[in-house]
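So the chains spell out like this:
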Amino acid sequence: MTEKQFRILLDKFLRGEASPREKELIRKFEKHFLDKNLEKTFADTGEKSQVQRDIYKNIKKRVSPAHFPWMQMAASLMAFVSIGCLLFYFINSPAETEISNRQSTPKAITLPDGSVVKLNKNSRLTYTEDFNKDNRHITLSGEAFFKVDRNSGKPFIIKTGELNTRVVGTQFNIREEQKQITVTVTEGLVKVYHENDTLQLKPDQQARFNTASKQLRGKEVKATLYSLWQNNKVVLNRITVEDLSVVLWELYRVKTVFKDEASRQTLLSIAFEREEALEQIIRRINLINEVKLTKNQNHMIEVEQTE
């Protein structure tokens with residue numbers, strides 16, 4: 001885009017005549033720049049959001065019909081020359097690398113900094129060509145398990161939807177779904193944040209972000225149960241049936257209902273292939289354990305003790 005084309009676009013935007021696509025371009029580059037420079041420019045995401053609100057509040061004031069059109073335009077252009085700088089930066093920003101996994105099995109990726117990522121099926125990550133030079137920022141869509149190489153001078157930041165995860169060097173799993181984003185820590189320390197809401201996570205802790213209510217909550221978990229999807233063979237030794245219910249939800253997205261409390265703590269051991277049918281796993285559990293699992297008409301698994 002030439003300088004003349006940019007001025008025309010900015011002129012249309014300030015006069016309220018920009019198309020939805022042109023408005024989205026302006027907001028996209030502005031958001032991209034603010035997100036990219038969050039660590040250097042703002043104390044936190046709340047401060048960044050306030051700056052965004054101030055920008056558009058002032059734009060609204062300056063394009064008010066009460067001002068003379070010519071003076072209004074000149075003042076707006078001067079006041080928001082920063083928007084032009086942002087657009088110039090966005091258009092000339094480093095090229096992006098996108099890695100997708102369209103296979104049915106996990107895909108291993110080694111990033112330029114040496115960090116290793118296991119990308120689940122139907123997932124995608126992107127990073128710019130200046131990754132590990134100026135920053136270690138990536139964007140994730142879907143699910144991935146990270147083993148991040150330690151570099152205290154360049155924090156590793158993952159953007160997943162509206163949620164940001166910041167680490168220096170650690171191991172953790174991120175899963176993005178329509179209603180929820182979960183970050184589960186296996187090793188090290190992880191900071192998860194959304195606007196003014198922040199959680200510090202240690203091993204065997206999980207952050208859950210509700211994409212509708214925007215609430216961020218933490219809980220204690222067994223982290224290994226949330227990353228079994230990356231293994232071709234799942235081996236479970238002496239786990240409770242309650243823990244098994246977590247595994248079945250994570251791998252097969254099927255809920256478990258306990259018909260009695262005692263069955264929750266029953267111990268069992270089982271190994272199965274990652275792609276093995278759920279019905280076959282249920283049959284094997286029922287043959288050798290003191291509990292009975294039944295898949296009901298609502299596609300939920302009912303659990304009860306056997307005599």
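Refer to the structure presented above.
Here is a short report on the structure shown in this document. (Residues numbered from 1 in each chain as written. Predicted model: local features only at pLDDT ≥ 70, side-chain atom pairs only at ≥ 80, totals over all residues. Heavy atoms only, no water.)

1. Details of the sheet that holds strand E9 (residues 171-176)
Ordered in space as E2-E3-E6-E9-E10-E13-E14, the seven strands form an open sheet in which the pairing is antiparallel. In this open sheet, the two strands that pair with only one neighbour each are strand E2 (107-110) and strand E14 (216-220). Each neighbouring strand pair of the sheet contributes to a mean axis angle of 20°, computed without reference to strand direction. As judged from the four bridges shared by strand E3 (residues 116-119) and strand E6 (residues 143-147), these two strands associate in the antiparallel manner. (Pairing = 2+ DSSP bridges. Helix = DSSP H or I, 4+ residues; strand = E, 2+ residues; numbered from the N terminus. Axes fitted to C-alpha atoms, helices over the stretch in contact; angles between N-to-C directions.)

2. A closer look at the packing of aromatic side chains
This model, assessed by the stated rule, comprises four aromatic pairs. Note on Phe 146 and Phe 156: the rings are 6.1 Å apart at their centroids and 65° apart in plane angle, and the pair reads as edge-to-face. One end of the pair, Phe 146, is in strand E6; the other, Phe 156, is in strand E7 (residues 156-160), with ten residues separating them in the sequence. Among the residues examined, Phe 146 registers a relative accessible area of 0% and is labelled buried. Aromatic pair Phe 146 and Phe 172: ring centres 5.1 Å apart, planes at 15°, arrangement stacked. With Phe 146 in strand E6 and Phe 172 in strand E9, this residue pair connects regions lying 26 residues apart in the sequence. (Phe/Tyr/Trp six-rings, centres within 6.5 Å; stacked < 30°, edge-to-face > 60°. Buried < 20%, exposed > 50% of the residue type's maximum accessible area, 1.4 Å probe, protein only.)

3. What about the pattern of salt bridges?
All told, the structure shown has twelve salt bridges when counted by the stated rule. Here Lys 214 and Glu 162 are joined by a salt bridge, their closest N and O atoms 2.4 Å apart. Separated by 52 residues along the polypeptide, Lys 214 in the loop between strand E13 (205-210) and E14 and Glu 162 in the loop between E7 and strand E8 (163-167) bring together distant segments of the chain. Judged by its relative accessible area of 38%, Glu 162 is partly exposed. One network of salt bridges, with partners in common, ties together Glu 143, Arg 175, Glu 177, Glu 250 and Arg 253. (Salt bridge = Lys/Arg side-chain N within 4 Å of Asp/Glu carboxyl O.)

4. Points about unusual backbone geometry
Its identity as a non-glycine residue notwithstanding, Asn 122 has a phi of 60°, on the positive side. Counting through the fold element by element, Asn 122 comes out in the loop between E3 and strand E4 (123-128). Here Asn 122 falls in the exposed class, since its relative accessible area comes to 66%. One non-glycine residue, Asn 132, adopts positive backbone phi at about 75°. Among the secondary structure elements, Asn 132 is positioned in the loop between E4 and strand E5 (136-141). According to the relative accessible area criterion, Asn 132 is partly exposed, its value standing at 25%.

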